[in-house]
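For reference, the chains in residue letters:
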Amino acid sequence: MKRLAGRGRINQDRTISFTWDGRAMSAHPGDTVASVLLANGIRVLGSSVLMNRPRGVVTDTMSDPNAFGQIGTGESSEPLMRLTQVEVYEGLTAMSRIHKGVLPTGTDTGRFEKRHAHCDVLVAGAGPAGLAAALAAAEAGARVLLVDEHPHLGGSLLGEDVVIDDRPAHLWVAEVEQRLRDNPAVTILTRTTVFNVGDQGAIALMQRVSEHLPEAKRRGRALRRMWQVRTHELVVATGATERPLVFPNNDRPGVMLAAGVRGYLHRYGLVPERAVVFTTNDDAYRTVLDLINAGVDVTRVVDVRPDPQGWLPRRARELGVEVRGGSVVMDTTAAADGALAGVVVAPLGGGETELITCDVLAVSGGWDPLFDLHHYLGGTARWDEQLLAFVQDNVVAGQRVTGAAAGIFGTTACRRDGHLIGLVAAEATGFGSATSGPAAPEAADVTEQAPADFVRVAAVDGDESHSFVDHHRDVTMAGIERALNSGITNVEHLKRYTLVGTGTEQGRTAKVNAGRLAADHFDLDFHMIGVSNARPPSQPVTFGSFAGRALGARFDPVRTTAIHSWHVAHGAVFEDVGQWKRPWFFPQGTEDMDAAVLRECAAVREGVGMMDASTLGKIDLRGKDVGVFLDRLYTGTMGTLKVGRARYGVMCKADGMVFDDGVVLRVAEDNFVATTTTGGAAGVLDWMEDFLQTEWPDLDVWLTSVTEQWATVAVVGPQVRTVMSTLAPELDVTQDSFKFMQVEDAVVAGMPARVARISFSGELAFEINVPTTSGLAMWEAVFAAGEPYGITPYGTEAMHVLRAEKGYFIVGQETDGTVTPLDLGLDWMIADKEFVGRRSLRRTDMLREDRKQLVGILPVDPNDRLPEGAQLIETAEYEIPVAMIGHVTSSYESAAMGRTFGLALVRGGRSRIGETIYAPLLDRTVAVELVDPIIFDAEGTRRDG
Amino acid sequence: MDPNEHALHNAPFLWRNPEPKSSYDAVIVGGGLHGLSTAYYLVKNHGLTNIAVVERGWIGNGNAVRNTTIIRSNYLWDESAAMYEHALQLWEGWGEELDYDILFSQRGVLNLAHNLHDERESIRRVNANRLNGVDAEWLDAEAVKEFCPIVDISPEARYPVMGATLQRRGGIARHDAVIFALGRACDALGVDIIQGCEVTDIDVVDGRVTGLQTSRGPIAAGKVGLVAAGRTSLLTAMAGFAVPIQSHPLQALVSEVYEQILNCVVMSNAVHVYVSQAHKGELVMGAGIDAFNSYAQRGGLHVIEEQMSAGMQLFPQFSRARVLRTWGGIVDVCPDASPIVGLTPVENLYVNCGWGTGGFKATPGSGYVMAHTIATGEPHALNRPFSLTRFETGELIDEHGAAAVAH
Amino acid sequence: MFQIRCPYCGPRDEPEFKYGGQAHVAYPADPEQLSDEEWTRFLFVRDNSRGRYAERWNHAAGCRRWFNVIRDTGTHEMVGSYRSGERPEDAR
């Protein structure tokens, strides 16, 4: 195409350059990549994926099935960008890749943001209907958000030569825009697309913020922004899109949609050398008239209708254009590059053919209202026999469709309908009155003659393999016919059989034609066939935009304790437990993990160790009924706990499976603190609140999570009393004064603290709880006080080894949601009272003797450490498949025992203690002896020091 | 390339569109993949001849076209492993048996582990799989990178990859082709596939099913199999009993089409991602289940946002990949995340539901054992544990508890 | 993404809430008296109907109160919400 000086909504006074496949292109501000390629004579954009056919620009909108390319280079290049939308800027690089993209490697340097907003009326589309709706709603008092995908308001008016109120349409647009911008309750978002409609007015938008600017001008701004808007009313004013026609070789570059041709004229000042127009309707004559007006040779209008007599065809004839009624384009010819060289025209139904040379064939098969947004919440459509188009069939609450999207064509009609819809939407949100609002515009649009119900020109030789229904997926009439002869009777099956309509442009130029061809084939009414459903997003959205800034560390918050900086400074290796970072072990020098853990364990058993236990969940319970409440949730009794004492407890879900465990402290008559597992804290609070609020609202209990309010330092080992005496000289830590499971408020290292004698290792141990702000100071004080005694910080791995030696299970390691307290040998903790889940323990499967039960295991070879997760079988020799009788849940090397050991769940395990079973591994089979879970210090003599 | 390459994957003739007869020996309610598979095996394995599949919409219009086509059998519990492994073995010969290019590609399924708990449970599962005769391997992070070069294994990641289980025999298939293949095979075996036929009531006389009321008239039936996934509760209510399933939205999406970049299936429980790249080049990715009950076939956008953040943790280079279409299926989930396949309180009425997020991969096996159950009136050994009565005894097959990825 | 009306705080976006399943299913007063079948029904069987459904939500990232919502499981229409102790008919 060639550029006309002074035409188009571009700035022809300025020239900018960018590259297409490495070639420099000359462009003007306001151009898109597609317009520049056309202006530079690049008609062939690339080849189709399946059939390797040359393809070119078809139209100037997002419906174009071919105009795609890779934009940018390096790790931030983006495949399959819409060349009809990408605005050129100095330095842009674009590459030809039309239907299949290449994902860049590396980490994207672009930034994608998110924003949330509320409004009363959201208007999608700023064409004549959308502008009128937005203005009417805004002036009625509603908060309006007006959204349009183009850089400028006006919608279809940007690509038309239309007069509104006796002046060029752009002056009307400018006036409406000014009134909207002057209204503080109105927000206008251009370069923005509504891509999803959710329940209760949840609208998702994608805004192009800075991607249309040269790199230097982006200045750190996000490339795009995803908006999530909650609106009362949605006005769908998304316009309509033109349908092509199906005929042999209809995919040659240069075969374009008629409205696209006039769009390139009005928006970009581009015109063909010589055009032919092929139409079923009057609208295409607007292209004819506009091209004539621009001095273009419109050689012929080929109209399917026998006698086009509307005002527009008559006007075309008056201007000297040869209008041939009852005719069709039956084939096209190609130039050397594969682009259009000419068209073969013949009377409909056969007759003498004529070859007409042209560089552009402007085609119109009618118009399809675009109301995808209406479908997302279950909106339906019906085929309108007068319009020959789908229109909405039902009303979706909170949504209104207007303008061309509602099948209303003509600028004045769209303005009138938009105005009324805007008033109605505002009224629905409590603003103004639809019946007494300002009057709608009164004027008539040009009357048009009815379009022809016509889709395709059959190939003369019967070879339909070059008559394209879907350019993007290379679906031809032959493919459609093959599918329809297979027994398929449904458009969804047709879509899946042929892939018609599944392209990146959502099949906008293909779906309706495919459905109509299916209806023709079965000789059915079209409404019985329909089209495949539109599914969100209405335009593709990058993964990066969905992710926004929730990447890396922001994907999920990291929780650290008050003492974390100390752990880091002392070389801790961390373990992720839920969101928490916990020290796993503290390697010294060149120690590996095993060496570090052995050293840490030995220190606890022989001297004194310290551990950061702050991550355990802590729930503060207050009120006179806390005891009753806890008794109903824990398997054991808590209500009888004396003030200043603590007790271990286990909770089940209603199904009787162990859910969480921890120590409960009674710190005052009406104040308990329940500790939970690190990972289970939130779930336990939820669980407690649920029962408290919904089952037992009569109980006087108040729950507060205090996990992050307290830091906990566990000081553990035979020498702990010495350290404690140094730290808290006022506190009597002798056995008689400070018993196991006793809780005391005390001053430790000069800080007020709550000290509890709780042990998860079997050793004498004190847990010092202080407000989080004192956590680090307390840790440092304990470390300093313990240093003369070689106090050893230890991590979760040593803690796990120590507890396993004592047969203490860990929720989530020894349990997996299928393990009851009885399976764990906790019969002694099932008090004689009702608690949540108790009834489940009586079900037949729970009473089976061969349930998996917790046991200890000792590999017969004391140096062989099993992998956790090893399965257990009866015999040393086996053939696959083999029956498994249990699995290893924990497996460690014990410093205290000088050997390996573990815990396992084994069928009927408790009655099999003393037996040997086998762990079959890839490289060996390990014999293990089943033993009592308490392997070390079974008498519990170490607990009191 | 052949001009109609993709169309030629599909057979020139698929099925008749018969009118319903007044009576059948057995009627399968639900023309999804499991329903068609059941009908297929009723004829092929059990020699029944007078059967119909009734489908309210078009065949395959439910979860058959709303899944991520992942096929694997590396389940933890013996009962599940046996069921899914049987299905996987059938998949391995199914394309040939059905004489259809279903693009079954055994490209390997990675289940990533991101913390010590994941690692322990993964190794437990690998060991259990191996001893059950299911192929399974544990890969450390370096080996994961070697197998799937585009996974980010940097230790600084918020959820670092510590390793993965690999089932090399796992993979994907083309779901649309499976619909066509099964529909054609059933039709060729004489099964009446009746589309656009909604069941409005189930006739039960003296505790025994006798037929169906449908939108296309009454149909008498000697036996009835309900294979209706998320809509099962609506059907069992007609027969006077309830099944312990809840129907939830499960969203998934496809991207635009890209040159091959991802060579296997990657799943991660901890960050809720499962992704593969289909033959045509689009990335297919699943999200988590929306928590609420729904029959609306849509879920919340925030679920997709979370899924995309999660995906970007593992594959930073997906940033400029674009979501082309999202959809929501209705998944029917049992309390133990395992299916129900077997007898019901109504004589001659059988139920197959509760596959949750795992149905596609079970297609051949589910139909196989359901057909056995319907034909003989007794469950097959493989589906005996998956009875409706297990909820009463407590003998559950708890796949959530077992932390196996249930997709 | 739903918008849910918390009866204590007003309308909020769904991610602030946690779902709690079917409403008005009380923990049995005396579980020991129930047969296995009755207990199973309580544990595992919940209404799974299409249409208006009374369900529980917790305003987890807000006031943390549990309340009930009437929602249509076929269309996602939010008919209304009500506090515990109020009747479904009072939903608004």
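My aim in this report is to walk through the structure given alongside it, one point at a time. (Residues numbered from 1 in each chain as written. Chains lettered and ligands numbered in written order. Predicted model: local features only at pLDDT ≥ 70, side-chain atom pairs only at ≥ 80, totals over all residues. Heavy atoms only, no water.)

Turning to the overall build of chain B, a few remarks are in order. In terms of regular secondary structure, chain B is built from 10 helices and 18 strands. Over its C-alpha trace chain B gives a radius of gyration of 21 Å, about what one expects of a compact globule, namely 22 Å for 407 residues. Overall, chain B is about 65 × 55 × 40 Å in size when its C-alpha atoms are taken along their principal axes. Relative to its 407 residues, chain B shows a buried fraction of 71%. Contacts in chain B between residues at least 24 apart in sequence constitute 77% of all its contacts with a sequence separation of at least 6. The centroid of the 29 positive side-chain charges in chain B is displaced by 2 Å from the centroid of its 44 negative side-chain charges. (Helix = DSSP H or I, 4+ residues; strand = E, 2+ residues; numbered from the N terminus. Rg over C-alpha atoms; globule rule 2.2 N^0.38 Å. Buried < 20%, exposed > 50% of the residue type's maximum accessible area, 1.4 Å probe, protein only. Contact = heavy atoms within 4.5 Å. Lys, Arg positive; Asp, Glu negative; His and termini not counted. Charge placed at Lys NZ, Arg CZ, Asp CG, Glu CD.)

Residue and element names in this part refer to chain A. The contact between helix α2 (residues 128-139) and helix α9 (residues 411-428) brings their axes to 7 Å, and the two run at 35 degrees. As α2 runs across α9, the sense of the crossing is right-handed. Contacts from P128, A129, A132, A133, A136 and A137 in α2 reach T411, C414, R415, G418, H419, G422, L423 and A426 in α9. Residues of the contact of α2 with α9, tallied by class, amount to 9 nonpolar, 4 polar and 1 charged. (Axes fitted to C-alpha atoms, helices over the stretch in contact; angles between N-to-C directions. Left-handed = near helix turned anticlockwise from the far one by under 90°. Nonpolar A, V, L, I, M, F, W, Y, C, P; charged D, E, K, R; others polar.)

Accessible area lost upon the coming together of the parts serves often as the stated size of an interface. Every contact between the two is made by 25 residues of chain C and, on the other side, 26 residues of chain A. Between chain C and chain A lies a buried interface of about 2200 Å² when both sides are counted; carbon and sulfur atoms form 41% of it. Area buried by chain C at its contact with chain A is led by Y27, E32 and R64 of chain C, which between them contribute 30% of it. Taken together, chain C and chain A are joined by 7 salt bridges. Residue D36 of chain C pairs with R839 of chain A through a salt bridge whose shortest N-O separation is 2.6 Å. (Buried area = accessible area lost by both parts, 1.4 Å probe. Salt bridge = Lys/Arg side-chain N within 4 Å of Asp/Glu carboxyl O.)

All names here are of chain A. Extensive coverage of strand β50 (residues 899-907) is indicated by the burial of 8 of its 9 residues. Where strand β47 (residues 852-859) meets β50, 6 bridges bridge the pair, whose relative direction is antiparallel. Bridging across to β50, Q853 finds its partner in V906. (Pairing = 2+ DSSP bridges.)

What follows covers the packing of aromatic side chains. Scanning the entire structure with this criterion turns up 39 aromatic pairs over all chains. Taking the centre distance of 5.2 Å and the plane angle of 80 degrees together, the rings of Y27 of chain C and F42 of chain C count as edge-to-face. Residue Y27 of chain C is found in the loop between β3 (18-22) and α1 (36-44), and its partner F42 of chain C is found in helix α1; the two are separated by 15 residues along the sequence. By the burial criterion, Y27 of chain C is buried, and F42 of chain C matches it. Three or more aromatic residues joined by ring pairs form one cluster here, namely F629, F659, W687, F691 and W696 of chain A together with Y27, W39 and F42 of chain C. Note that R55 of chain A overlies the ring of F468 of chain A, its terminal NZ or CZ placed 4.7 Å from the centroid. Lying across the ring of W66 of chain C, R56 of chain C places its NZ or CZ 4.1 Å from the centre. (Phe/Tyr/Trp six-rings, centres within 6.5 Å; stacked < 30°, edge-to-face > 60°. Lys NZ or Arg CZ within 6 Å of the ring centre and 35° of its normal.)

Moving on to the interface of chain B and chain A. Counting from both sides, the interface comprises 83 residues of chain B and, opposite them, 105 residues of chain A. Here chain B and chain A share an interface that buries about 8100 Å² over both sides, 55% of which is from carbon and sulfur atoms. Broken down residue by residue, the surface that chain B buries against chain A is led by L131, R158 and R320 of chain B, which jointly contribute 12%. Residues R298 of chain B and D199 of chain A are paired through a salt bridge, measuring 2.6 Å at the closest nitrogen-oxygen approach. Connecting chain B to chain A are 46 residue pairs in polar contact (both at pLDDT 80 or more). For the side of chain B that touches chain A, the elements supplying multiple residues, two or more each, are α1 (5-8), α4 (116-131), α6 (175-188), β12 (246-257), β15 (282-289), α8 (301-314), β16 (322-333) and α10 (390-393) of chain B. (Polar contact = N/O pair within 3.5 Å; in protein donor to acceptor, adjacent residues only side chain to side chain.)

One finds L122, V194, L205, V229, I480 and L494 of chain A together with W94 of chain B to be the most contacted residues of the largest nonpolar core, which totals 111 residues. W94 of chain B has contacts with S37, Y40, Y41, D99, I102, V178, L182, T363 and P364 of chain B, leaving out every residue within four places of it along the chain. (Core = buried A, V, L, I, M, F, W, Y, C linked by side-chain atoms within 4.5 Å.)

The next point concerns the environment of Q200 of chain A. You can see Q200 of chain A is positioned in the loop between β14 (192-197) and β15 (202-208). Placed 177 residues apart in sequence, Q200 of chain A and L377 of chain A show a C-alpha to C-alpha distance of 10.0 Å. In this view, Q200 of chain A contacts R230 and T231 of chain A together with M1, F2, Q3, H76, E77 and M78 of chain C; residues no more than four positions away in its chain are not counted. Separated by 2.9 Å, the side chain of Q200 of chain A and the backbone nitrogen of Q3 of chain C make a polar contact.

All names here are of chain A. Cis geometry is adopted by the peptide bond preceding P537, which originates at P536 and carries an omega value of -5 degrees. Turning to its location among the elements, P537 is positioned in the loop between α13 (526-529) and β33 (541-542). Each neighbour pair has its own omega, and for I880 with P881 the value is 0 degrees, a cis peptide bond. Counting through the fold element by element, P881 comes out in the loop between β48 (871-872) and β49 (886-894). We note that N52 has phi near 55 degrees; this positive angle belongs to a residue other than glycine. Position of N52 among the secondary structure elements: in the loop between β4 (46-47) and β5 (54-55).

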